Amino acid sequence: MENKKELRGWLDAMELPHPLVIAGPCSAETEEQVLKIAHDLKDTDVNYYRAGIWKPRTRPGNFEGVGALGLKWLQKVKKETGLKTATEVANRNHVELALEHDIDLLWIGARSTVSPFIVQDIADALRGTDKIVLVKNPVNPDLPLWLGAIERLYASNIKNLGVIHRGFSTYEKTKYRNNPEWQLAIELQTKFPDLPLINDPSHITGKRDMIFDVSQTALDLNFDGLMIETHFDPDNAWSDAAQQVTPKALVQIMKDLKVRKETDPEAEYSNQLNNLRAQIDVLDNQLIDLLGRRMKVSDGIGQLKKQKNVAVLQTKRWNEILGKMVLEGEDKGLSEEFILKMFKAIHQESINHQEKVINK
Ligand code: PEP
Ligand code: MN
């Protein structure tokens, strides 16, 4: 598939003065809850009202959604508030029920995107409709798998498409619930600049007090919209309680976010600059993260050397590393002077770490 302008026709047609906003509870819980949140969101920037009807849960025994009954509540939302509606579908049966209940936008969840069988089943069930379909990234950071899902839908003649970036599972614990791996979203955007790209800071952060920062980063990186889980009583939500915000907090977030301006020559310049700076910020954070991990490995070497009573400084090994890195650096357009300076500093820090371990 190549980049196609038609992919974003549905979004351009809305002529929004701000990024697209999809908001609403993680799960539809009761008719009352669904309607109350919808009414709270009625006269805000929210464009689509989301609610999970069938909930994929990591372990059994948790609330798994109210099922088709909830679709009736979403129909009521549309009738009473005028908000368009959105829900997650994970199989042909979900699609058929969502179509019957006139849901406006469907999304494929992270646990479904990983399975070509599931995506194909959904694509087949949607053939011949003009639904808007957004594909969440797969739980693993695999760009071809994510794009493959889009291709399957496109091949089924679904042309109103978009993607939702909700972060990726990692074995290592980070401050995020799902690591953003921004460079993946940037790569996708570079390949498909016309594919609408929505950020889901709720599932990336897992914590409501981190949602603003992640949303701002997404807007600085040219994302087209945000999907933010919203509940009038987040702490007592039946799923994803820690990450949901109140409708009032959502309005404040939308107000505080710096949205990229329409083009004039000046704004174009600062837009590009902000975009590049956001990319630099992401990479710098990764550098620090990598250096931290490198020093943890050094600590491990320190432990080993301590056990065997071996000296910290191993000149031969060190010269080998330096020689190799100078060559690698040359390949990447980095000067020998810079590589030597940087690796001297890294080496010194590594020695300090090992010294500390050995002399403890
Ligand atoms: C959701 O949006 O509520 C959801 C289950 O998301 P994800 O597929 O990203 O985990
Ligand atoms: Mn959720």
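Rules of the game
Residues numbered from 1 in each chain as written. Chains lettered and ligands numbered in written order. Predicted model: local features only at pLDDT ≥ 70, side-chain atom pairs only at ≥ 80, totals over all residues. Heavy atoms only, no water. Pairing = 2+ DSSP bridges. Helix = DSSP H or I, 4+ residues; strand = E, 2+ residues; numbered from the N terminus. Axes fitted to C-alpha atoms, helices over the stretch in contact; angles between N-to-C directions. Donors = N, O, S within 2.8 Å, 3.2 Å for Na, K, Ca; no water. Near = heavy atom within 4 Å. Polar contact = N/O pair within 3.5 Å; in protein donor to acceptor, adjacent residues only side chain to side chain. Areas by Shrake-Rupley, 256 points an atom, 1.4 Å probe, with all protein chains shown as cover. Core = buried A, V, L, I, M, F, W, Y, C linked by side-chain atoms within 4.5 Å. Buried < 20%, exposed > 50% of the residue type's maximum accessible area, 1.4 Å probe, protein only. Parallel < 35°, antiparallel > 145°, perpendicular 65-115°, else oblique. Left-handed = near helix turned anticlockwise from the far one by under 90°. Contact = heavy atoms within 4.5 Å. Nonpolar A, V, L, I, M, F, W, Y, C, P; charged D, E, K, R; others polar. Patch = residues over 30% accessible without salt bridge, like charges linked within 9 Å, V, L, I, M, F, W, Y side chains within 5 Å. Salt bridge = Lys/Arg side-chain N within 4 Å of Asp/Glu carboxyl O. Arc of directions from axis to C-beta. Expected span 1.5 Å × (residues − 1).

Q: How would you explain the sheet that holds strand β8 (residues 225-229) if you had to name every residue and give the values?
A: Here we have eight strands rolled up into a closed barrel, ordered β1-β2-β3-β4-β5-β6-β7-β8, and parallel in their pairing. Sheet twist, expressed as the average angle between the axes of neighbouring strands with direction ignored, equals 25°. Two elements, strand β1 (residues 20-24) and strand β2 (residues 48-50), share two bridges in a ladder whose sense is parallel. Residue pairing in the sheet places I22 in a bridge with Y48 of β2.

Q: Help me get a handle on the coordination of the manganese ion (ligand 2), residues and values and all.
A: Geometry reference: four tetrahedral donors at a metal, ideal angle 109.5 degrees. Six octahedral donors, ideal angles 90 or 180 degrees. Coordination of the manganese ion (ligand 2) by the protein involves C26 (SG), H203 (NE2), E229 (OE) and D240 (OD), with metal-donor separations of 2.1 to 2.4 Å. Donor residues for the manganese ion (ligand 2) sit on one chain with the sequence pattern C-x176-H-x25-E-x10-D. Separated by 37 residues along the polypeptide, H203 in helix α9 (residues 201-205) and D240 in the loop between β8 and α11 (247-256) bring together distant segments of the chain.

Q: Lay out the site of ligand 1 in plain terms, naming residues and giving numbers.
A: Close to ligand 1 lie 13 residues; R50, K55, R111, K136 and R166 are nearest. Here E229 contributes a side-chain N or O atom positioned 3.2 Å from an oxygen atom of ligand 1. Burial of ligand 1 by the protein amounts to 97% of the accessible area it has alone, namely 300 Å².

Q: I'd like a description of the nonpolar core, backed by residues and values.
A: In terms of nonpolar packing, the biggest core is built from 68 residues, with Y49, L153 and L161 touching the most fellow members. Counting residues per element, this core draws most heavily on helix α7 (residues 143-155), at seven residues. Membership of the second largest hydrophobic core comes to 13 residues, among which are L11, A86, I164 and M227.

Q: Let's hear about the packing of α7 against helix α8 (residues 182-191): which residues, and what values?
A: At a minimum axis distance of 11 Å, the contact between α7 and α8 shows a crossing angle of 45°. With respect to α8, the element α7 is oriented oblique. Where α7 crosses over α8, the two elements pack in a sense that is right-handed. For the pair α7 and α8, the contacting residues are L143, W146 and L147 in the first and L184, E187, L188 and K191 in the second. Taken together, the residues that form the contact of α7 with α8 break down as five nonpolar, no polar and two charged.

Q: Run through a nonpolar patch on the surface, naming residues and quoting values.
A: A cluster of nonpolar side chains, namely L334, F338 and M342, defines an oily patch on the protein surface of about 240 Å² accessible area. Residue classification places L334 among the partly exposed positions, given a relative accessible area of 36%.

Q: Go over α11 with me, naming the residues and quoting the values.
A: Looking only at α11, the buried set comprises P247, L250, I253 and M254. Considered in projection along α11, the buried side chains sweep an arc of 115° and stay on one side of the axis. Residues of α11 that are exposed and point over 90 degrees away from its buried face: K248 and K255. Residues of α11 that are buried make contact with β1, α2 (31-40), α10 (211-220) and β8.

Q: So, helix α13 (residues 315-331): which residues are in play, and what are the values?
A: Between the first and last C-alpha of α13 there are 25 Å, a value that for 17 residues agrees with the 24 Å anticipated at 1.5 Å per step. Taken together, the buried positions of α13 are occupied by W318, I321, L322, V326 and G329. Looking straight down α13, one finds its buried side chains confined to an arc of 135°; they lie on one side. Along α13, exposed side chains directed more than 90 degrees from the buried face belong to K316, R317, K324, L327, E330 and D331. If you follow the buried residues of α13, they end up packed against α14 (336-358).

Q: Break down the side chain of R8 for me, with residues and values.
A: Relative to the helices and strands, R8 is located in the segment before α1 (9-12). If we ignore the near neighbours within four places in the chain, the residues touching R8 are P193, D194, P196 and D224.

Note that every value here comes from positions in space, so none of it alone points to a role or purpose.
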